[in-house]
Amino acid sequence: MGERLSRRSLLVGVGAAGGAAAMFAAMGALGLAPVSHETRAFTPPRPGDFSLRGRGAARVVVIGAGVAGLTAAYELGKAGYDCVVLEAADRIGGRVLTLRGGDTLPELNGAAQTAKFGDGVYFNAGAARIATWMVTLDYCRELGVPIETFVNSNASAYVYTGDMRAPARTRTVRADMYGYIAELLAKATDAGALDRRLTKDDRERLLEFLSEFGDIGDTYDYRGSPRRGFDKPPGIEPGAPLPGPDPLSTVLSAGVGRAVTMDFGFEQAAPMFQPVGGMDAITRALAEAVGEHRIKLGTRVTRITGRADGVEVGYAGGTVTGDYCVATLPPHLMARIPHNLGTPVTDALRVPQPMSAGKLALEYGRRWWELDDHIYGGATETDLDITHIWYPSYGYHGQRGLVVGYYAVAEHADVYAALTHDERRRRALTQGKKIHGEKYRSDLLSSVSLEWRRQPHIEGAWMVWPSRGAPYDLLQRPAGRVYFAGDWLTRLIAWQAGAMESARKVVTELHQRVLAEPA
């Protein structure tokens, strides 16, 4: 009776009396519940917000029909805001770009390409995957966009670096790295090297974990493992394991750190998803919900003039006015547009810099990666300038298929951006042939390459902030009646979720401001 009640005993008692929900609530009160990674709460504007106040909604000019612009117009439209979306390009979506057979791809200072893909083949040239915790999936659910699994990591894909004798399966590389790491740490622990950090119980638990983690057994010697794979897979017979492993020094010299940790990141972890039929299903659904009559394509903004009672936006051929404006252009393009929002705004817009990135689509008439290599989705990781080879996560067992021959970023992307499309294809095929052999070149049907720095009205894959201080904070606030939105104003740069979160923030702040103004 006089004993002190432990937290564990308390939780057991609460759980027995009130069930799991009561126990979880008690854990929260004690600071023991897991931290939620859900996006912050968002309540979209509603018609009742105005009707109950006896007033009407405002008119909003949205600049840019990418994800941020379409999301802002969609959410504002729920309450009856009169939105018009101005888009310089002849298509919606921005960096959400899905190419299909017959589509034309223009390029600054380069020849336009026309995709020649077969029926059912598509290329997500921009956004390509969605993590489960991202608000993007909420919009897929809300808009009725069906989704399917995107295979972000595949043990059957390859790893290849310049220090490797030949490509190796991802499962083999991981098994050897984990096995040797486990051996080193287990032997150091067993020899007492960590006794100052570990209790006796900790030591035993760590050794037990390492034995499983590296498949090193009770002797703590890594001599290979069935996890490495087989020359002949098991069936009726036990199979023939791969020979090896290579010595530790050889495994370390291959420099495969990035390759085996690529999917460790919070935003890269399995499972991941994609819309069925192409990533542009999301932007098409948003545009339909906004109302395509509200979206003006081929309308390049030439001036933004803020006034005390509204905003005037000029474009080639006319002007449009609104009570407010939501500008979602990439900041380096926005900085070029004449405006009266002030020099500090222009200076802040010039701080984030565009990142280079590009992709190459390679269409084949035979899905040899499935037939010959047994690879279904995922990516081969390399230290070559192609960086990755992506295998499709759709159309399994079909006739044709499309492989992403490179997804190059930064300096590697700059190398490809300086080339013509034919030169890009030849260079990438030469690199990919080191992994997949001659079929990688000889079986090719068609190809398309895209370099985001050379895309009109975009001129960059995503933005990079040297630092986020005062310029970042300034652009989080409206310049008069002009608000700024985009993934570049979040911590989710280069993700659709970032654009959506930024648009939601602006919608909330703009709506609160409208409601607070005199009728």
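Residues numbered from 1 in each chain as written. Predicted model: local features only at pLDDT ≥ 70, side-chain atom pairs only at ≥ 80, totals over all residues. Heavy atoms only, no water.

Caption draft 1: Quick look at the overall build of the chain. Within the chain one finds 17 helices and 26 strands. With the C-alpha coordinates of the chain rotated into their principal frame, the extents come out at 80 × 80 × 40 Å. Residue pairs in contact within the chain that sit at least 24 positions apart in sequence constitute 69% of those at least 6 positions apart. Summed over its atoms, the accessible surface of the chain is roughly 24,500 Å², and 53% of this surface lies on carbon and sulfur atoms. Looking at charge distribution, the chain has the averaged site of its 59 positive side-chain charges lying 4 Å from that of its 58 negative ones. (Helix = DSSP H or I, 4+ residues; strand = E, 2+ residues; numbered from the N terminus. Contact = heavy atoms within 4.5 Å. Areas by Shrake-Rupley, 256 points an atom, 1.4 Å probe, with all protein chains shown as cover. Lys, Arg positive; Asp, Glu negative; His and termini not counted. Charge placed at Lys NZ, Arg CZ, Asp CG, Glu CD.)

Caption draft 2: Main features of the pattern of salt bridges. With the rule as written, the count across this model stands at 34 salt bridges. We note a salt bridge from Asp190 to Arg203, for which the minimum N-O separation is 3.1 Å. Residue Asp190 is located in helix α5 (residues 170–190), and its partner Arg203 is located in helix α6 (residues 200–213); the two are separated by 13 residues in the primary sequence. The partner of Arg336 in a salt bridge is Glu459, with the nearest N and O atoms 2.8 Å apart. With Arg336 in the loop between α10 (331–334) and α11 (343–349) and Glu459 in the loop between β24 (444–451) and β25 (462–464), the pair connects residues that are 123 residues apart, well separated along the chain. Taking relative accessible area as the criterion, Arg336 reaches 53% and is therefore assigned exposed. Among the charged side chains, a network of salt bridges with common partners joins Glu183, Lys187, Asp221 and Arg223. (Salt bridge = Lys/Arg side-chain N within 4 Å of Asp/Glu carboxyl O. Buried < 20%, exposed > 50% of the residue type's maximum accessible area, 1.4 Å probe, protein only.)

Caption draft 3: Spotlight on the sheet that holds strand β2 (residues 82–86). Overall, parallel pairing links the five strands, which are arranged β14-β2-β1-β18-β26 in an open sheet. The open sheet is flanked by β14 (295–296) and β26 (482–484), the only strands paired with a single partner. Along the sheet face, helix α17 (residues 496–516) touches β1 (59–63), β18 (324–327) and β26 and points at about 155 degrees away from the line of β26. (Pairing = 2+ DSSP bridges. Axes fitted to C-alpha atoms, helices over the stretch in contact; angles between N-to-C directions.)

Caption draft 4: The arrangement of the domain arrangement of the chain in detail. You can read the domains of the chain as domain 1 (47–93 + 279–353 + 463–515), domain 2 (98–156 + 270–276 + 355–454) and domain 3 (163–254). Distance between the C-alpha centres of domain 1 and domain 2: 30 Å. Facing 22 residues of domain 1, the contacting portion of domain 2 comprises 21 residues. Taken together, the two surfaces of domain 1 and domain 2 that pack against each other cover about 1,800 Å², and 68% of this comes from carbon and sulfur. In terms of surface lost to domain 2, no three residues of domain 1 exceed Met279, Ile282 and Trp495, which account for 34% of the buried area on that side. In this assembly, domain 1 and domain 2 are joined by two salt bridges. A salt bridge links Lys78 to Glu142, with the nearest nitrogen and oxygen atoms 2.7 Å apart. Run the count over domain 1 and domain 2 and you get nine residue pairs in polar contact (both at pLDDT 80 or more). (Domains from an automatic or database assignment. Buried area = accessible area lost by both parts, 1.4 Å probe. Polar contact = N/O pair within 3.5 Å; in protein donor to acceptor, adjacent residues only side chain to side chain.)

Caption draft 5: Region of the structure containing the confidence of the model for the chain. Of the residues in the chain, 92% have a pLDDT of 70 or more, and the chain-wide mean is 92. Low pLDDT, under 50, characterises residues 1–5; the stretch is placed with one contact to residues that sit more than four places away or in other chains. Low confidence marks residues 10–39, where pLDDT is under 50. Its contacts with residues over four positions away, or in another chain, come to 23 contacts. (pLDDT = per-residue confidence, 0-100.)

Caption draft 6: Region of interest: the nonpolar core. Counting residues in hydrophobic clusters, the biggest one holds 107 residues, and the most contacted among them are Val60, Tyr81, Phe117, Val313, Leu475, Phe484 and Leu510. Sorting elements by how many residues they give to this core places α17 first, with eight residues. Filtering out sequence-adjacent residues up to four positions away, Tyr81 remains in contact with Pro45, Phe50, Ala57, Ala58, Val60, Leu76, Leu510, His511 and Val514. By size, the runner-up hydrophobic cluster in this structure holds 23 residues, among which are Tyr158, Tyr364, Ala428 and Tyr440. (Core = buried A, V, L, I, M, F, W, Y, C linked by side-chain atoms within 4.5 Å.)

Caption draft 7: Spatial organisation of unusual backbone geometry. Here Gly244 and Pro245 are connected by a cis peptide whose omega angle stands at 15 degrees. By the secondary structure assignment, Pro245 is in the loop between β12 (240–241) and α7 (248–253). The amide bond that connects Ala270 to the next residue, Pro271, takes the cis arrangement and shows omega of -5 degrees. Here Pro271 is to be found in the loop between α8 (257–261) and β13 (272–275). Positive phi, close to 55 degrees, is recorded for Asp215, a residue that is not glycine. Considering the arrangement of structural elements, one finds Asp215 in the loop between α6 and β11 (230–232). Among the residues examined, Asp215 registers a relative accessible area of 30% and is labelled partly exposed. Phi is positive for His397, close to 65 degrees, though the residue is something other than glycine. Along the chain, His397 falls in the loop between β22 (388–390) and β23 (401–409).

Caption draft 8: Structural detail: the packing of aromatic side chains. Taken as a whole and assessed by the stated rule, the structure comprises 19 aromatic pairs. Their ring planes at 75 degrees and their centres at 5.0 Å tell us that Tyr180 and Tyr222 sit as a pair that is edge-to-face. Here the residue Tyr180 occupies a position in helix α5, and Tyr222 occupies one in the loop between α6 and β11, the gap between them amounting to 42 residues. Side by side, Tyr180 and Tyr222 carry an identical accessibility label, which is buried. Aromatic side chains Trp465 and Trp488 sit 6.4 Å apart centroid to centroid with 25 degrees between the ring planes, which places their arrangement in the stacked category. Residue Trp465 is located in the loop between β25 and α16 (470–475), and its partner Trp488 is located in the loop between β26 and α17; the two are separated by 23 residues in the primary sequence. The pair formed by Trp465 and Trp488 is uniform in burial state, with each residue classed as buried. Site record: aromatic cluster; members linked through ring pairs are Tyr364, Trp368, Trp369 and Tyr440. A cation sits over an aromatic face here: Arg427 above Tyr416, 5.7 Å from the ring centre. (Phe/Tyr/Trp six-rings, centres within 6.5 Å; stacked < 30°, edge-to-face > 60°. Lys NZ or Arg CZ within 6 Å of the ring centre and 35° of its normal.)

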